[in-house]
Amino acid sequence: MKFLDQAKVYIRSGDGGAGSVSFRREKFIEFGGPDGGDGGRGGDVWIEAVNGLNTLIDYRYQQHFKAQTGTHGMGRNRAGGKGNDVVLKVPAGTQIYEEDNETLIADMTEVGQRFLIAKGGNGGFGNAHFKTSTNQAPRRANPGLEGQEMTIWLRLKLIADAGLVGLPNAGKSTFLASVTAAKPKIADYPFTTLHPGLGVARVDAREFVIADIPGLIEGAHEGAGIGDRFLGHVERTRVILHLVSAREEHPGKAYKTIRKELAAYGHGLGEKTEIVALSQVDTVDADERKKKAAALKRAAGVAPLMLSSATREGVEEALRRLMAVVEEARAAEAPVEDDDRWQD
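In what follows, the accompanying structure is described.

Cut-offs applied
Residues numbered from 1 in each chain as written. Predicted model: local features only at pLDDT ≥ 70, side-chain atom pairs only at ≥ 80, totals over all residues. Heavy atoms only, no water. Helix = DSSP H or I, 4+ residues; strand = E, 2+ residues; numbered from the N terminus. Buried < 20%, exposed > 50% of the residue type's maximum accessible area, 1.4 Å probe, protein only. Lys, Arg positive; Asp, Glu negative; His and termini not counted. Salt bridge = Lys/Arg side-chain N within 4 Å of Asp/Glu carboxyl O. Contact = heavy atoms within 4.5 Å. Pairing = 2+ DSSP bridges. Axes fitted to C-alpha atoms, helices over the stretch in contact; angles between N-to-C directions. Expected span 1.5 Å × (residues − 1). Arc of directions from axis to C-beta.

Position of Lys172 relative to the elements: it lies in helix α2 (residues 172-179). For the buried Lys172, which has no salt bridge, the nearest side chain bearing the opposite charge is Asp212, at an N-O separation of 5.1 Å. Lys172 has contacts with Leu164, Val165, Gly166, Leu167, Asp212, Ile213, Pro214, Gly215 and Leu243, leaving out every residue within four places of it along the chain.

Spatial ordering of the open sheet is given by β3-β1-β8-β5-β6, a layout of five strands whose pairing is mixed. The open sheet has two edge strands, β3 (64-66) and β6 (104-108), and neither has a second partner. Pairwise comparison of adjacent strand axes, ignoring direction, gives a mean angle of 25 degrees for this sheet. With seven bridges joining them, strand β1 (residues 6-12) and strand β8 (residues 149-156) adopt antiparallel strand pairing.

As a further point, take unusual backbone geometry. Although it is not a glycine, Arg76 sits at a positive phi angle of roughly 60 degrees. Following the sequence through the fold, Arg76 ends up in the loop between β3 and β4 (86-91). Judged by relative accessible area, Arg76 falls into the exposed class, the value being 71%.

With that settled, consider the pairing of β8. Of all the eight residues making up β8, six are buried; the element is thus mostly covered by neighbouring parts of the structure. Here strand β5 (residues 94-97) pairs with β8 via four bridges, running antiparallel. Residue pairing for β8: Tyr97 is matched across the bridge by Trp153.

What follows concerns helix α5 (residues 315-333). With 19 residues, α5 ought to run about 27 Å at 1.5 Å a step, and its terminal C-alpha atoms sit 27 Å apart, in line with that. Taken residue by residue, α5 has Val315, Ala318, Leu319, Leu322, Met323, Val325, Val326 and Ala329 as its buried positions. Along α5, the residues classed as buried sweep out an arc of 165 degrees about the axis, all on the same side. When the buried face of α5 is taken as reference, the exposed residues oriented beyond 90 degrees from it are Glu328, Ala331 and Ala332.

Remember, this is a structural readout, not a statement about activity or role.
Structure, rendered in structure tokens:
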């Protein structure tokens, strides 16, 4: 299944059914009067966040969704039925934008959340509705109201607790594969990762979700390389693990390059809690490791974590540091229950 995190969709709710013009015509009943029923309401268009989806690939093959028109009213005071609704099922974390792709309509953050995006048109009144003491045989009925139509953008932002950032070949996919059951593509060339990946890491009997995005390069916010389009997937994370490869000639410069891209992207990424790690330390000798760590410390302002996914050096410590930040954020976000047992 291909990963698709953005889709443009046309939706239209159903038109209301027309009211009926009808009169009773039964043997031996004179002046039977009007009995035209009302039209039914048109179907609505809903968006629902469901479990089991992690991509918008379904909307690559179908971009038009129209709810059913309400049934027209009929004689004998029979009202028309409501048109069937249309439900667009999306992964949790999907945002709905207007056609300009900037105005946010709704943010579907929880499984089971539903949002009414387009309401169906009301059905028209039948002629029975217009009967009065002075107009006992009305010959008019209302047409149903038209439904709403619009073009919207669906934009998926993965919901993860921790995010991995770094230059291409910094060891992000290798780290993800070593601490989770995810199986990202791993190879010794840049931009091996073309799409974001998710994995569930476990440490000290606790779990959290890690997101891996394609590597950034200098000028990514201007479209260089794959660009920064996938940075949206770490917007919702609580902590960032910034990996800088020990094979980099200038680790400090590599660190500053990524920090510059995060700041240029905005959306609060530059202010997120960051854990800095010198990765792939098994590829260099002790003197080189010490020298690279010192350069990275000068650039980042903190002592980096020594990390090697191949030898598992520093992996457990990295997971524990990430878990500590995640648990602190979860505790801060948890609702406080009122306890009035000790109140008079």
